[in-house]
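One-letter residues, chain by chain:
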Amino acid sequence: MTPTRYGGVPTGFLARLAREIQGTKAPKRSGTASRWGVYFGEITLHGQKRLAYVARPPRVATSESMYVPSRGGGMRRIGRRMVDTDHPRVLFLAVDRATYKPILEKP
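Read on for a plain summary of the structure. (Residues numbered from 1 in each chain as written. Predicted model: local features only at pLDDT ≥ 70, side-chain atom pairs only at ≥ 80, totals over all residues. Heavy atoms only, no water.)

Turning to the pairing of strand 4 (residues 75-84), a few remarks are in order. Both strand 3 (residues 59-69) and strand 4 contribute to a ladder of eight bridges, which runs antiparallel. Each residue of the ladder has a partner; that of Val60, found in strand 4, is Val83. Linking strand 3 to strand 4, which pair antiparallel, is a turn of five residues; within it Gly73 sits at a positive phi near 95°. (Pairing = 2+ DSSP bridges. Helix = DSSP H or I, 4+ residues; strand = E, 2+ residues; numbered from the N terminus.)

Next comes the structure, spelled out in structure tokens:
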């Protein structure tokens, strides 16, 4: 995404993020674990709960396997441990109302 010439967000970009969150837009690649995803949820920012669009990093499998006890007394492998490649990043914060400083002078 490139910003507009005034530094804002292009029109329709948040709508595209919302479609991706709802799942109505098909992913470009078949494996969604290997690409950044987006979710809309509540986060804690400076001690306050805020609604935000957050980017979720891709996940990769490590060489470490997970095991559970089996009925025969041994251990059964159930898969590999997945880890994030990066940390989640806040894309946009949802605000109730935008507030602006007054720019008009008193008469």
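So, on to the environment of Val54. For Val54, the location among the structural elements is in strand 2 (residues 48-56). As for Val54 and Val38, which are separated by 16 residues in sequence, their C-alpha atoms are 5.7 Å apart.

This part covers the sheet that holds strand 1 (residues 37-45). Spatial strand order, 1-2-5: three strands in an open sheet with antiparallel pairing. The open sheet has two edge strands with one neighbour each: strand 1 and strand 5 (89-93). Strand-to-strand twist in this sheet, taken as the mean axis angle between neighbours without regard to direction, amounts to 45°. Looking at chain direction, strand 2 and strand 5 are connected through four bridges and run antiparallel. Bridge pairing in strand 5 links Ala52 to Leu93. The strands that helix 1 (residues 13-22) touches are strand 1, strand 2 and strand 5; relative to strand 1, the one it contacts most, it runs at about 100°. (Axes fitted to C-alpha atoms, helices over the stretch in contact; angles between N-to-C directions. Contact = heavy atoms within 4.5 Å.)

Moving on, we come to the packing of aromatic side chains. For any pair of aromatic rings, the description consists of the separation of the ring centres together with the inter-plane angle of the planes. In this structure the tally under the stated criterion is two aromatic pairs. Measuring from centroid to centroid gives 4.7 Å for Phe40 and Tyr53, while their planes differ by 55°, and the two rings are tilted. Taken as a pair, Phe40 in strand 1 and Tyr53 in strand 2 lie far apart in primary sequence, 13 residues in all. (Phe/Tyr/Trp six-rings, centres within 6.5 Å; stacked < 30°, edge-to-face > 60°.)

To continue, consider the environment of Ser34. Within the fold, Ser34 resides in the loop between helix 1 and strand 1. Given a relative accessible area of 47%, Ser34 falls into the partly exposed group. For Ser34 and Thr85, which are 51 residues apart along the polypeptide, the C-alpha to C-alpha distance reads 9.6 Å. (Buried < 20%, exposed > 50% of the residue type's maximum accessible area, 1.4 Å probe, protein only.)

The quantities given are spatial measurements derived from coordinates; they are silent on function.
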